[in-house]
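Remarks on the overall topology
Letter by letter, the chains look like this.
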Amino acid sequence: MKNRFNRLTSKEWLPFQKSWFKYDTEEKLLTENIRFFIREDETEEKVFYYGDNAELLSNICESQNVGLIKANDFNNEALQYAILDLRNSVNSIKKISDYQKIKEETINICIKIFETLAHRRFLTVLIPNVFVEDKYMPLAWDLAWQLSSIFSLKDEKIACTNEIMSLKTKDNHKFIPNNKIFYCLYFRKDELSNGIFEEKKHRLFENKIQKSSNFSFKSTIPSWFILKPQPRKKNEILHPAKYPEELVTMFLQEFTTENANIFDPMSGTGSTQVASLKASRNAYGTELSPFFAEIAFGRCSEIVAPKQTDLFQSPIDNKFILLNKDVREISKDDFPEIDYLITSPPYWDMLNMKGAENQAKRVEKGLQTNYSDNTEDLGNIADYQQFITDLANVYFNILDIMKSGSYLTIVVKNIKKKGKNYPFAWDLSDILMSKLILLPETFWCQDDINLAPYGYGNTFVSNTFHQYCLNFQKP
Ligand SMILES: C[S@@+](CC[C@H](N)C(=O)[O-])C[C@H]1O[C@@H](n2cnc3c(N)ncnc32)[C@H](O)[C@@H]1O
């Protein structure tokens, strides 16, 4: 039975739901999007298109019995789908004023599209983040914010390409990961959107301290990567959200040298410390849960014997210090000055959500599903705004023990909860950019999880298989 939304079978529906994909050809990208968001009906559906590939799209539309309306020819016709391709337009951005202009023009086009787009139909925006006047600006996130006052922001996919997109800068000492990505942002006209642009409600990423970073980089990191981590050992499985040591090792090579001091304020099972010690770096950190702190301490002790076995009183000249403490209670005297911070925080209170697929599996195996029931655990803060504010303050406080010019990598994910989107990665960056310089983000693309048919026959809901590695520098 073909479904109401786009007539695809469940087998055809599933592959489109992966939140990242390898970008091969333009034809494939456009064909897949058109096929997903239009209905193959007797009646011809109409697609609005803004971009540089009108000829290619015209052929695709013809073969799929879809009408094409190019932006220049648009005369308020009824629309069933719209594509806005800004990938080439952003190449003309030289100054902040150009950046503003593109944003304003895009907003105006979107208001027009909204007027004639059918109810519950989609708009796809193809867009990268950019460098403007040598500073890295998250245009994609900024526009997503702005446009979500007109449409409902439903989802994002990451297009992983081997081409050089728009992250061009003359200076090769900038941190510019060596493959490139662009964003496919998905908006819907629905009961929660009214087509009215309300700028004041939304924060602007450009009102930040964004400066060009003045340190030189090796740029060994690609902007997207897939990891094949070692299977987790028995004690590591006890933690519900561990990241692979291989990820840490990769970032250590880019941002640090031997004997550097590495810090993770929420150490969990000590993956950061284990990878750091193995790479001849010094490893420091805190962890609230005594249970996980113990595991982390044990793992580190297998690599480097601590000079003192007391978890709480390790002397400063140790290769590693792991405190079992609320990160908000650490003081300047607890650790030496830090060269690099790499960490992953709780993803809001998502582990307390009953029924999530991996939660059910852990319950079945009798494993812990959240970090703790401790009220000091940041993963137990129910209010989203409170959570991101508290988390940002954690990082701001840590800046006191970090060297000037040092780097931070924070691994996070945008969140979907009860049908609503919470762009955690973007919201956190927005706050952090008031004190830190944002560098290009990199993506850990997960390839080892089964796809689930969320929203089948009803609406587009991706399986979020990409994690943001947000990179910052302390000025
Ligand atoms: C995503 S996990 C980190 C996992 C870690 N990267 C690993 O690979 O094992 C987040 C950790 O933050 C800890 N945490 C939550 N609130 C904290 C707080 N206030 N102070 C210190 N740690 C906290 C949790 O106990 C949890 O282990």
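The model shown is predicted, which means the values in this text are computed figures rather than measured ones.

**Thoughts on the site of the ligand**
In the neighbourhood of the ligand, 24 residues make up the surrounding shell, with His239, Tyr243, Thr269, Ser271 and Glu287 lying closest. Between an oxygen atom of the ligand and a main-chain N or O atom of tyrosine 243, the distance comes to 2.9 Å. Here the ligand, which alone exposes 600 Å², has 99% of that area covered by the protein. Of the residues that constitute the shell around the ligand, the class distribution is eleven nonpolar, six polar and seven charged.

**Thoughts on the environment of alanine 279**
Here alanine 279 shows up in the loop between helix H8 (271–278) and strand S12 (282–286). Each C-alpha atom, one on alanine 279 and one on glutamate 26, is 41 Å from the other, the two residues being 253 residues apart in sequence. Once you skip the residues sitting within four places of it in the chain, alanine 279 turns out to touch Leu252 and Glu258.

**Considering the domain arrangement of the chain**
As assigned here, the chain comprises domain 1 (10–201) and domain 2 (224–473). Computed over C-alpha atoms only, the centres of domain 1 and domain 2 are separated by 32 Å. Counting residues at the interface gives 39 residues for domain 1, matched by 40 residues for domain 2. For lysine 18, the salt bridge identified is with aspartate 447, shortest N-O distance 3.2 Å.

**With respect to the packing of helix H4 (residues 96–116) against helix H5 (residues 139–147)**
Each pair of packed helices gets described by two things: the angle between the helix axes and the distance between those axes. Packing of H4 against H5 leaves a shortest axis separation of 11 Å and a crossing angle of 35°. Along this stretch, H4 crosses H5, giving a crossing that reads as right-handed. Residues Tyr99, Lys103, Thr106, Ile107 and Cys110 of H4 form the contact with H5, whose participating residues are Leu139, Asp142, Leu143, Gln146 and Leu147. Its residues placed into classes, the contact of H4 with H5 shows six nonpolar, two polar and two charged.

**Observations concerning the packing of aromatic side chains**
Ring pairs (aromatic) are described by centroid distance and by the angle formed between their planes. Tallying each qualifying case throughout the model produces 39 aromatic pairs. For the pair phenylalanine 251 and phenylalanine 255, a centre-to-centre distance of 6.4 Å together with 10° between the ring planes defines the contact as stacked. Separated by four residues within a single helix, phenylalanine 251 and phenylalanine 255 lie in helix H7 (residues 245–255), roughly one turn from each other. Phenylalanine 255 shares its class with phenylalanine 251; the two are buried. Counting every residue linked through ring pairs, the aromatic cluster contains Phe5, Trp13, Phe16, Phe36, Phe37, Tyr81, Phe122, Tyr186, Tyr456 and Phe460. In this structure, arginine 87 packs its charged tip against the face of phenylalanine 182, placed 4.6 Å from the ring centre. The ring of tryptophan 348 carries lysine 417 above its face, with NZ or CZ at 3.7 Å from the centroid.

**A look at unusual backbone geometry**
Even without a glycine there, the phi angle at glutamate 133 is positive, about 50°. Its place among the elements puts glutamate 133 in the loop between strand S6 (130–132) and strand S7 (135–137). Positive phi values are uncommon outside glycine, yet lysine 418 reaches one of about 45°. Looking at where lysine 418 falls in the secondary structure, it is placed in the loop between strand S16 (415–417) and strand S17 (420–422).

**A word on H4**
With 21 residues, H4 ought to run about 30 Å at 1.5 Å a step, and its terminal C-alpha atoms sit 32 Å apart, in line with that. Here H4 has its buried residues at Asp98, Tyr99, Ile102, Lys103, Thr106, Ile107, Cys110, Ile113, Phe114 and Thr116. Of the surrounding elements, those touching the buried residues of H4 are strand S2 (45–50), strand S4 (79–85), strand S5 (117–127), S6, S7 and H5.

**Quick notes on the sheet that holds strand S19 (residues 466–473)**
Sheet architecture is open: eight strands sit in the order S10-S18-S19-S15-S14-S11-S12-S13, paired in mixed fashion. Each of the sheet's edge strands pairs with one partner strand only, and the pair in question is strand S10 (224–225) and strand S13 (320–323). Summarising the sheet, strand S11 (residues 261–264) and S12 pair through four bridges and their orientation is parallel. If you follow aspartate 264 over to S12, its bridge partner there is glycine 285.

Scoring rules and cut-offs
- Residues numbered from 1 in each chain as written.
- Predicted model: local features only at pLDDT ≥ 70, side-chain atom pairs only at ≥ 80, totals over all residues.
- Heavy atoms only, no water.
- Near = heavy atom within 4 Å.
- Polar contact = N/O pair within 3.5 Å; in protein donor to acceptor, adjacent residues only side chain to side chain.
- Areas by Shrake-Rupley, 256 points an atom, 1.4 Å probe, with all protein chains shown as cover.
- Nonpolar A, V, L, I, M, F, W, Y, C, P; charged D, E, K, R; others polar.
- Helix = DSSP H or I, 4+ residues; strand = E, 2+ residues; numbered from the N terminus.
- Contact = heavy atoms within 4.5 Å.
- Domains from an automatic or database assignment.
- Salt bridge = Lys/Arg side-chain N within 4 Å of Asp/Glu carboxyl O.
- Axes fitted to C-alpha atoms, helices over the stretch in contact; angles between N-to-C directions.
- Left-handed = near helix turned anticlockwise from the far one by under 90°.
- Phe/Tyr/Trp six-rings, centres within 6.5 Å; stacked < 30°, edge-to-face > 60°.
- Buried < 20%, exposed > 50% of the residue type's maximum accessible area, 1.4 Å probe, protein only.
- Lys NZ or Arg CZ within 6 Å of the ring centre and 35° of its normal.
- Expected span 1.5 Å × (residues − 1).
- Pairing = 2+ DSSP bridges.

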